[in-house]
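So the chains spell out like this:
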Amino acid sequence: MLSGPKALMWRFVLKFSIAHMHLLSLLIWIPIVAGLVVLRAGSDAARGRTRWIALIGAVAGFLPVIPLVANFRNDVTSMQFVENMRWSPTFDIAWHLGVDGISLWLVALTALTTIIIVVASWESITQRTAQYYGAFLMLSGFMQGVFTSLDGMMFFIAFEATLIPLYLLIGTWGNKNRSYAAVKFFFVSFLGSLMMLMSMLYLYSQTHSFDLATWRETHLGTIPQILIFLGFLAAFGVKVPMWPLHTWLPDVHLDGPTGAAVMIGMLKLGGYGLLRFALPIAPQASHFFAPMMITLSLIAVIYSSLLALVQTDMRRLLAYSTISHMGLVTLGLFVFNRIGQAGAIVQMLSYGVVSGAMLLCTGMLYDRTKSAAINEYGGVANTMPRFAAFVMLFSMANIGLPGTSGFVGEFMVLMGAIRFNFWIGAMAASTLILSAAYTLWMYKRVIFGAIANARVAKLKDVGRREFALLGVMALLVLAIGLNPKPFTDAIDPSVGTLLAQSERSAHPEDAPADGGEHLQAAAPAPVVATAVRTPG
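Since this is a predicted model, take the numbers as computed values, not measurements. (Residues numbered from 1 in each chain as written. Predicted model: local features only at pLDDT ≥ 70, side-chain atom pairs only at ≥ 80, totals over all residues. Heavy atoms only, no water.)

Caption draft 1: Seen up close, the packing of helix α14 (residues 269–281) against helix α26 (residues 485–502). Orientation of α14 relative to α26, taken along the N-to-C sense of each, is 35°, at an axis distance of 7 Å. Judged by the twist between their axes, the crossing of α14 over α26 is left-handed. Here α14 contributes Leu 275, Leu 279 and Pro 280 to the contact with α26, which in turn contributes Leu 498, Gln 501 and Ser 502. Looking at the contact of α14 with α26 residue by residue, the class counts come to four nonpolar, two polar and no charged. (Axes fitted to C-alpha atoms, helices over the stretch in contact; angles between N-to-C directions. Helix = DSSP H or I, 4+ residues; strand = E, 2+ residues; numbered from the N terminus. Left-handed = near helix turned anticlockwise from the far one by under 90°. Contact = heavy atoms within 4.5 Å. Nonpolar A, V, L, I, M, F, W, Y, C, P; charged D, E, K, R; others polar.)

Caption draft 2: Molecular detail of the packing of helix α12 (residues 248–255) against helix α17 (residues 314–333). In contact at an axis separation of 8 Å, α12 and α17 are set at 145° when each is read in the N-to-C sense. Note on packing geometry: the crossing formed by α12 with α17 is right-handed. From α12, Leu 249, Pro 250, Asp 251, His 253 and Leu 254 reach across to α17, where they touch Arg 315, Arg 316, Leu 318, Ala 319, Tyr 320, Thr 322 and Ile 323.

Caption draft 3: Summary view of the nonpolar core. With 174 residues, the main nonpolar core has Phe 232, Leu 331, Val 380, Phe 387 and Phe 394 as its most contacted residues. Element by element, the count of residues in this core is highest for helix α18 (residues 338–369), at 17 residues. (Core = buried A, V, L, I, M, F, W, Y, C linked by side-chain atoms within 4.5 Å. Buried < 20%, exposed > 50% of the residue type's maximum accessible area, 1.4 Å probe, protein only.)

Caption draft 4: Looking closely at the environment of Gly 481. Along the chain, Gly 481 turns up in helix α25 (residues 464–482). Taking the C-alpha atoms as reference points, Gly 481 and Thr 404, separated by 77 residues in sequence, lie 3.9 Å from one another. Residues contacting Gly 481, with those up to four places away along its chain left out, are Gly 403, Thr 404, Ser 405 and Val 408.

Caption draft 5: Quick look at unusual backbone geometry. That bond from Val 240 to Pro 241 is cis: its omega, -5°, falls within 30 degrees of zero. Tracing the backbone shows Pro 241 in the loop between α11 (222–239) and α12. Cis peptide bonds are those with omega within 30 degrees of zero, and the linkage from Trp 243 to Pro 244 qualifies with 5°. By the element assignment, Pro 244 lies in the loop between α11 and α12. For Arg 128, which is not a glycine, the phi torsion comes out positive at approximately 50°. Inspection of the secondary structure assignment puts Arg 128 in the loop between α5 (101–120) and α6 (129–148). Here the phi dihedral of His 208 falls at roughly 55°; this positive angle occurs in a residue that is not glycine. Relative to the helices and strands, His 208 is located in the loop between α9 (178–207) and α10 (212–217). His 208 sits in the exposed class, given a relative accessible area of 57%.

What follows is the structure, encoded as structure tokens:
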């Protein structure tokens, strides 16, 4: 290893290079360009080449995450790695990117999910292979644009762009009723997005800017805040998905391809949109609607769990499980305390991994038998023991067993809910019992018991590719569960800023001089990433 002046010189060069690399632009454009390359160079006649190009593109899209995470400063609450370039000076639209502790791990999860889906689809996609991988890679780039945008119009463009590949993926590679599922998903999402666009245009009319920091510093009256909040809720509530805007998700799980369901399950656009837009931009309206949001969250937790108990298809059961667990996310956001909101973000990350893993396991069974009906299985552990062990771990995480990722976020949200109101916390805690009921019921019926039929008897255990895939997911589940500190340390300062913004009064004379935002680093430290004083 180098020491002395040479080591200091190389360390300075490395830090300077990282500070001036457009890492966030690379995160967005690498998968998009890779998707275009796959579409141009790939084909069903050269399926192997198509898969390898897609995998190389997915891995290349993950590489910027490494310096991003390694050089992220936990003691800074402002946006880091900021890129700001005027796009349309006339309308004050900019290529404005940045990450904080909230978006950092969502960006990393997006890049990792892309690799997982490419590997998981290696053998299951045999028709229009280039179009499939191209759509997923471009979807990944659009997702990165959503999580890094600091300009409202750029966010809207990226947010809407995700609809196109998802619509094509569901409608082209889905099952029997794929057209219905794709059209329903598209129109429900698009109608909500139009409401969000109206809110954004109103904010532009008041500020003559699409900059998110400017929007957060704008003090609006009660009625405008209420209308803006409802516009954002229409768009993001669909993507959470919140009850009663959830009806598209079971259809996508049932009739969409496994990869699309995994991408939707692992990446939480709705929860991110609520905490990035609705809470800080319309703080008074957020508090006004908090009782409604808490009530809807509790309904999602309890009612969706009861629906999961009566499902006969594994994919629909997991869809209602997702709705129930995401109810905890919205609950944590609207109890307005630090542990609850931090728990909501951790829950988005951890349950994204858990739901993705459960869906992958279901997809592996479906690829082998072409059925996801629970009553057509039984005794899978006898023929697929390694697979059964992985499903057991993921099932325990779905329940919220301590030591798994599922426990951390749920525990923090429940503690935040109890601090807000004991009875609300007690009602939310029913998820621990209900999720155990439907998850263990499914596991017992599918995995345990005698071999149910000849089709189960012919099942082959996971191969090396599937074992590596599930092994990575298992490591993530255990890493977050056993050592959540790296995640919470990055998230907590940004949550403090978010909480200060969401507590802001609607009236300028009541607002703190700095807008309720604390943008200075907690302690001086050498700058290793581009950081500007942009409200986070």
